[in-house]
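As a plain string of letters, each chain reads:
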Amino acid sequence: MQLTLVVPELVWPEPDDRETFDALACPGLNTLIARSRLQRRAPQSFEATLGDAFGLAGNVPWAAFRVLGEKQAPTPSAGDPCWLCADPVHLHLHQEKLILADAGSLDIGSDEALEITAELNRQFADIGTFHVASADRWYLQLAGETDLGHFDVPPLSVVAGRRLDRQLPATPQARHLRQLLNEVQMVLYGQPANERREAAGRATINSLWLWGAGVRPAAGTGAGTGDFAGVWGEDVLTCGLGKAFGVPTRALPDDLGALLAQAPAGSRQLLVIDALQRPVQYEDADAYRNELARLDARWFAPLQKALAGGRIKRLRLEASTAYATLAWESGRGEQWQLWRRPRPLAATAQALAREGDG
């Protein structure tokens, strides 16, 4: 079996944070990467790293792919109007900086989501249609044949919990979207659902993050599938990409043993584990340590042994991080290079930071 494993935010982004790094227990990961060949590229989003695995590049229509992975949203097809992710967020000022909190921290109820989008659809029916796939994932399907050109808004994963410099590109094609967003924010301000949230001391839904604009290309055009026989993950975009390219997609197994029991021997599999992404976005060191220890026990340590024992022929471990986009590649031979001694993850982070500065 050949396995590509995508783990966004694998390495804690603060190399000098001794309190976090000193408490980490990940011997399996440390051994695995010490005996692998490292490639590094410029930092990019988790979505772009996932897109690389599917042969996608350039102005990728993430919204059209993501909505395809939803269970309760319209299914786009080639030739559909332009789709955008219109995810509900809360913007607030902190030390004169505008900070974005995504829906994962807002605890939005399904009734609230439906109530708000119903009003948005009443107010902006000429612009398009808002859809609720889940309480924290909304979409906007634009009316007509709108062309937004190069829509360079970063994915929500890049800005969640972080400072914002801008919300939409200052391009002529996006002018009407900037006007729409201003009007949406005014509508949200007076929404009864938000008034109830404010009265209860909860953060309001005061804006949308519009990203991933585009039309899904026709099947079989513009990208390859990486020749994967299977895709495994919980992330909706992962499921949507698998479906778009006709690759069987299944829920993430509990551990490597479960994957090996279910996946055909000799096949090529893509596995996406995003458990570390949210702890890093919101600087939750305790959650990061706990999740990394769990992943080490269930995945990284068993992977190192499976590689050394020949049960897995090749492994490519991909990680979008603050340091760089990292890829460790290994096979059985590398894992028997015993002179390549593992080092603490803190030392790896510091080396990555030094190389980035260089």
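Residues numbered from 1 in each chain as written. Predicted model: local features only at pLDDT ≥ 70, side-chain atom pairs only at ≥ 80, totals over all residues. Heavy atoms only, no water.

**As for the overall build of the protein**
- The secondary structure content of the protein amounts to 14 helices and twelve strands.
- Each principal axis of the C-alpha atoms in the protein carries an extent, and together these give about 65 × 50 × 40 Å.
- Long-range contacts, defined here as pairs at least 24 residues apart, represent 74% of the contacts in the protein between residues at least 6 apart.
- With the model as given, the accessible surface of the protein reaches about 16000 Å², and the carbon-plus-sulfur share is 49%. (Helix = DSSP H or I, 4+ residues; strand = E, 2+ residues; numbered from the N terminus. Contact = heavy atoms within 4.5 Å. Areas by Shrake-Rupley, 256 points an atom, 1.4 Å probe, with all protein chains shown as cover.)

**Section: the packing of aromatic side chains**
- One pass over the structure, following the stated rule, counts five aromatic pairs.
- Arranged with centres 5.0 Å apart and planes meeting at 45 degrees, the rings of Trp 12 and Tyr 288 form a pair that is tilted. In this pair, Trp 12 is assigned in the loop between β1 (2–6) and α1 (18–22) and Tyr 288 in helix α12 (residues 285–309), connecting sequence segments 276 residues apart. Note on accessibility: Trp 12 and Tyr 288 belong to one class, buried. (Phe/Tyr/Trp six-rings, centres within 6.5 Å; stacked < 30°, edge-to-face > 60°. Buried < 20%, exposed > 50% of the residue type's maximum accessible area, 1.4 Å probe, protein only.)

**Things to note about the sheet that holds strand β9 (residues 249–250)**
- Ordered in space as β2-β12-β11-β1-β10-β8-β9, the seven strands form an open sheet in which the pairing is mixed. Bordering the open sheet on either side are β2 (37–41) and β9, each of which pairs with just one other strand.
- Pairing analysis gives seven bridges linking strand β11 (residues 314–320) to strand β12 (residues 325–331), with the strands arranged antiparallel. Residue pairing in the sheet places Ala 319 in a bridge with Leu 326 of β12.
- Running at roughly 175 degrees to strand β10 (residues 268–272), helix α3 (residues 46–53) makes contact with β1, β2, β10, β11 and β12 of the sheet. (Pairing = 2+ DSSP bridges. Axes fitted to C-alpha atoms, helices over the stretch in contact; angles between N-to-C directions.)

**Topic: the side chain of Ser 36**
- Mapped onto the secondary structure, Ser 36 falls in the loop between α2 (27–34) and β2.
- Looking at Ser 36, the relative accessible area reads 5%, which means it is buried.
- For Ser 36, the side chain forms a polar contact with the main-chain oxygen of Leu 32, separated by 2.6 Å.
- Once you skip the residues sitting within four places of it in the chain, Ser 36 turns out to touch Trp 328, Glu 329, Ser 330, Gln 335 and Arg 340. (Polar contact = N/O pair within 3.5 Å; in protein donor to acceptor, adjacent residues only side chain to side chain.)

**A closer look at the pattern of salt bridges**
- In total, this model carries 19 salt bridges according to the counting rule given.
- When the shortest N-O distance is used, the salt bridge between Glu 70 and Arg 137 registers 2.6 Å. Of this pair, Glu 70 sits in the loop between α4 (62–68) and β3 (83–94) while Arg 137 sits in strand β6 (residues 137–142), and the two are 67 residues apart along the sequence.
- Put simply, Arg 316 and Glu 329 hold a salt bridge, and the shortest N to O gap is 2.2 Å. (Salt bridge = Lys/Arg side-chain N within 4 Å of Asp/Glu carboxyl O.)

**Notes on helix α7 (residues 175–189)**
- Spanning 15 residues, α7 covers 22 Å between terminal C-alpha atoms, matching the ideal 21 Å at 1.5 Å per step.
- Of all the positions in α7, only Leu 177, Leu 180, Leu 181, Val 184, Val 187 and Leu 188 are classed as buried. End-on view of α7: buried residues confined to an arc of 125 degrees, all on one side of the axis. Opposite its buried face, α7 presents the exposed residues Arg 175, Met 186 and Tyr 189, each directed more than 90 degrees away. (Expected span 1.5 Å × (residues − 1). Arc of directions from axis to C-beta.)

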